[in-house]
Amino acid sequence: MNSFNRRQFLKTISLASVAGAFPNIVKAAIIRPHIVVIGGGFAGATAAKYLRHWSTAVDVTLIEVNANYNSCILSNLVLNNQMNLGQITFNYNILAQQYGIRVINDWVNSVDGQNQTISLRNGTTLGYDRLIIAPGVQFLNVAGLDSNRIPHAWKAGTQTTLLQQQLAAMPNNGKFVMTIPAAPYRCPPGPYERACVIADYLRTNKPGATVTILDANADIVAERQTFSQAFNVTYNGIIEYVPNAVLQSVDSDQRIAHTSLGDYRADVLNVIPPQSAGEIIHTTGLANVGGKWAGVNPLSYESTAIANIHVIGDSQGTGQPKAGHIANAEAKVCADAILRLLNNAPPFAAPVTNSACYSPITATTASWLTAVYAYDATTGTMKVVPESSGEATTHTAQNYRRMLDWANSLFADTFA
Amino acid sequence: MKPLKSTGLMLTTSLLMVACGGGGGGGTTTTTTPTTPTTTTFAVTGSVPGTLIEAFCSDNRVYSTQSVQNGSAQHPFTLNLPQGVKCRLVMITNENDPNNRVVTPIRLRRGTTTSIAFSGVAGSDVNLGYVDLKLSRIAMRADSNSDGVEDAPFDIDAPTSATVDSIFADTMDTDRDGIIDTYEDDDGDHVPNRHDDDDDGDGTPDLTDNDFDSDHDGLGDDEDSDDDNDGDNDGDNTPVGGGNSNIIVPDGGRLLASQCFQCHGTEGRSVSRIEGLAGEAGEIASEMQEMKYSTNLNDIMHRQAKGYSDSEIQAIAAYFANRYGGNSTGGNDSDGDGDDDD
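Residues numbered from 1 in each chain as written. Chains lettered and ligands numbered in written order. Predicted model: local features only at pLDDT ≥ 70, side-chain atom pairs only at ≥ 80, totals over all residues. Heavy atoms only, no water.

**Side note on the overall build of chain A**
Thinking step 1. Counting secondary structure elements, chain A contains ten helices and 25 strands.
Thinking step 2. Look at the contacts in chain A between residues 6 or more apart in sequence, and 67% of them connect residues 24 or more apart. (Helix = DSSP H or I, 4+ residues; strand = E, 2+ residues; numbered from the N terminus. Contact = heavy atoms within 4.5 Å.)

**Describing the overall build of chain B**
Thinking step 1. Looking only at helices and strands, one finds five helices and eleven strands in chain B.
Thinking step 2. Scored against the burial criterion, the 342 residues of chain B give a buried share of 54%.
Thinking step 3. Put simply, of all contacts in chain B between residues at least 6 apart along the chain, 63% involve residues at least 24 apart.
Thinking step 4. Only carbon and sulfur atoms are counted for the fraction: they give 51% of the accessible area of chain B, which is about 13600 Å². (Buried < 20%, exposed > 50% of the residue type's maximum accessible area, 1.4 Å probe, protein only. Areas by Shrake-Rupley, 256 points an atom, 1.4 Å probe, with all protein chains shown as cover.)

**Let's talk about the nonpolar core**
Residues and elements named next belong to chain A.
Thinking step 1. Core analysis: the biggest nonpolar cluster contains 98 residues, and Val111, Ile118 and Trp406 have the highest contact counts within it.
Thinking step 2. Of all the elements, helix H2 (residues 42–54) adds the most residues to this core, at eight residues.
Thinking step 3. Excluding residues that lie within four positions of it along the chain, Val111 makes contacts with Ile38, Thr117, Ile118, Tyr128, Leu131, Ile133, Ile280, Thr284 and Ile309.
Thinking step 4. Core analysis: the next-biggest nonpolar cluster, separate from the first, contains 30 residues, Ile198, Tyr201, Ile239 and Ile272 among them. (Core = buried A, V, L, I, M, F, W, Y, C linked by side-chain atoms within 4.5 Å.)

**Description of the environment of Gly208(A)**
Residues and elements named next belong to chain A.
Thinking step 1. With respect to the secondary-structure elements, Gly208 resides in the loop between helix H6 (190–205) and strand E12 (210–215).
Thinking step 2. The exposed category is assigned to Gly208, whose relative accessible area is 51%.
Thinking step 3. Separated by 29 residues in sequence, Gly208 and Gly237 have C-alpha atoms that sit 9.4 Å apart.

**What about unusual backbone geometry?**
Residues and elements named next belong to chain A.
Thinking step 1. Ala183 connects to Pro184 through a cis peptide bond whose omega is 0 degrees.
Thinking step 2. For Pro184, the position within the fold is in the loop between strand E11 (175–180) and H6.
Thinking step 3. In this structure, Glu223 takes a positive phi of about 50 degrees despite not being glycine.
Thinking step 4. Glu223 gets classed as buried once you look at its relative accessible area, which sits at 3%.

**Overview of the pattern of salt bridges**
Thinking step 1. Taken as a whole and assessed by the stated rule, the structure comprises 19 salt bridges over all chains.
Thinking step 2. The partner of Asp376(A) in a salt bridge is Lys383(A), with the nearest N and O atoms 3.5 Å apart.
Thinking step 3. Judged by its relative accessible area of 40%, Lys383(A) falls in the partly exposed class.
Thinking step 4. The closest approach of N and O atoms between Asp405(A) and Arg273(B), which form a salt bridge, is 3.0 Å. Of this pair, Asp405(A) sits in helix H10 (residues 397–415) while Arg273(B) sits in the loop between helix H2 (261–264) and helix H3 (281–292), placing the two residues on different chains.
Thinking step 5. When its relative accessible area of 9% is taken as the criterion, Asp405(A) is described as buried.
Thinking step 6. Taking relative accessible area as the criterion, Arg273(B) reaches 59% and is therefore assigned exposed.
Thinking step 7. One continuous salt-bridge network, built from bridges that share partners, spans Lys49(A), Lys332(A) and Asp413(A). (Salt bridge = Lys/Arg side-chain N within 4 Å of Asp/Glu carboxyl O.)

**Structural notes on the sheet that holds strand E4 (residues 75–82) of chain B**
Residue and element names in this part refer to chain B.
Thinking step 1. Spatially, the three strands line up as an open sheet ordered E4-E1-E9, and their pairing is mixed. Each edge of the sheet is formed by a strand with only one pairing partner; in this case those strands are E4 and strand E9 (126–130). Going from strand to strand, the sheet's axes swing by 10 degrees on average, the running direction of each strand aside.
Thinking step 2. Where strand E1 (residues 41–48) and E4 come together, eight bridges link them in antiparallel fashion. Bridging across to E4, Ala43 finds its partner in Asn80. (Pairing = 2+ DSSP bridges. Axes fitted to C-alpha atoms, helices over the stretch in contact; angles between N-to-C directions.)

Printed below as a string of structure tokens:
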């Protein structure tokens, strides 16, 4: 029961009735804008929360196909048994109960930007005044790849568990091989972090085992200093880093990665496929950045293709990284802008977003990476404030503790 | 407690008394004709055990008719409605007997979709068939608060000629329970809210009662000195709710400050060992400035601080200062609501 809405409505009615009634006509009732959010990850959940945190005058519906969300952040720690999946699983109960957000667990079949409606798999059609789409990424096809056997674990959940089980079953002296797609992909430091965490696990549990990183990029994409040191020093003799290795196809039976630099056979093969914006971005006609990502105005995250649709999180094509922390930041800019736009006011003209993350390097140490992005009015883009961009000089135990605090704070700011 | 704020809503006429009127449950069909010409209409037809039929529609009108006593137990009715509007049906038996009146909101069902709102196409009748309404309080399906309004709407399979309209932001059913607001009685005192001066029965008249928690911070608005979460203490004349105008803070202070929340907690209330910002209003600006100009780059906040201009740092500090009392020693936030001035 949302008694606030009803009471405010009825109170006004009773005030009006004093003025004299014309019995058969009801004049304009309250117009409550309806904002629909598709996707309940860090971007979508934050946007839904802050729309209602900042305004009680809008109705918000969050549509997410899954009842629970498994965080990709910290999910590499499930692979080395430092965490279990339940510790990074969240639901939408607080958003629904405390913030009055309507949560629907369903799949969106289609979006009609012209009529401002969306169609759900269950047959329902919903209208919206503003639509936020935050579907994350989808994985592009790789010839021969069967991700049910060769896990990517790049969306946390059953894939994470599958990879963890394969690692646990790996023989001593075994070979773990992973592939990294060309940037941009979800979580720039994530693959390198994974290589480190797994190398640490293998060093203890599978003597003689090695890690091979096949990177489609020419160099380490994020935290270059940290990971170079980790590969060359901390995991010297365990991690082999191979740049410019572009994945061409996979033999899922034999666990072979066919790359531009040759074939690599693995005992456990982890293929992180190339990515693009989530499917609904493409079917709606929003993927106007290289055919892969959604172009948006970073003042409001409104699509440059279709009015009244906003895209945040991994699917947006602003050049900001694709990761949970900055998705949360983008969501706040978007929510603030939508509330202003609904009041016929322009978005705030100088938004700032921040990216921050901690990466475990061993079972007891971590590093960090951060950058602040500011709107550049000349180019209409978000640009890194140069001095704000940097990484930890070394991985430390203190950073490992801070990593857990950072993650818990981010989880709470998003889901609670 | 503070003065009731403007809702920013303007209603010039009442949500009519027509529901309580009527012609004694019989006689001829008396369709209420709209006062301005409508374009094209369709007819909702069916039969009932004697009743008043009302349609509350999105053209801001209420259409009503009464069934025709024809000697049978099933009285036919015809209600003409305009095309292109979304209507909600309510049927009432014993409408002239306040102690035995039964109000039955109608919901249409098609497959897994149900909705109290529907529409139709001109010239195409929507025949509901026989609607099994209850004729007395005793016979009602469910009426936990004994107010004569069925607790849940009565589902009717939607005729193919009717469009079942999904409306989530339904201005006529704001709590989305399928009972339109007109017939709600929050406190179960048998006085519908629209006639009740104290909807929630807390003894405070509605006109001065404002005991909601608009900003979801756990404090009722009466106790909350910033109930619209705009960063300014109340009395700042920024409307809350309804007015749909929670935008303010032209310098972006609210938005900029929210970028601190990922690590320092929503509204600066930390849930981890990371320092909270609530109660630190006086120090935020000076600390951020210090970090911004520090040459020690092996600190994540030193990097972060370099991302903000001096004026942005001031705006962030001002946001927290306004929210948390604005004293230089930090707040004594004894009640945990973030406001130390209560």
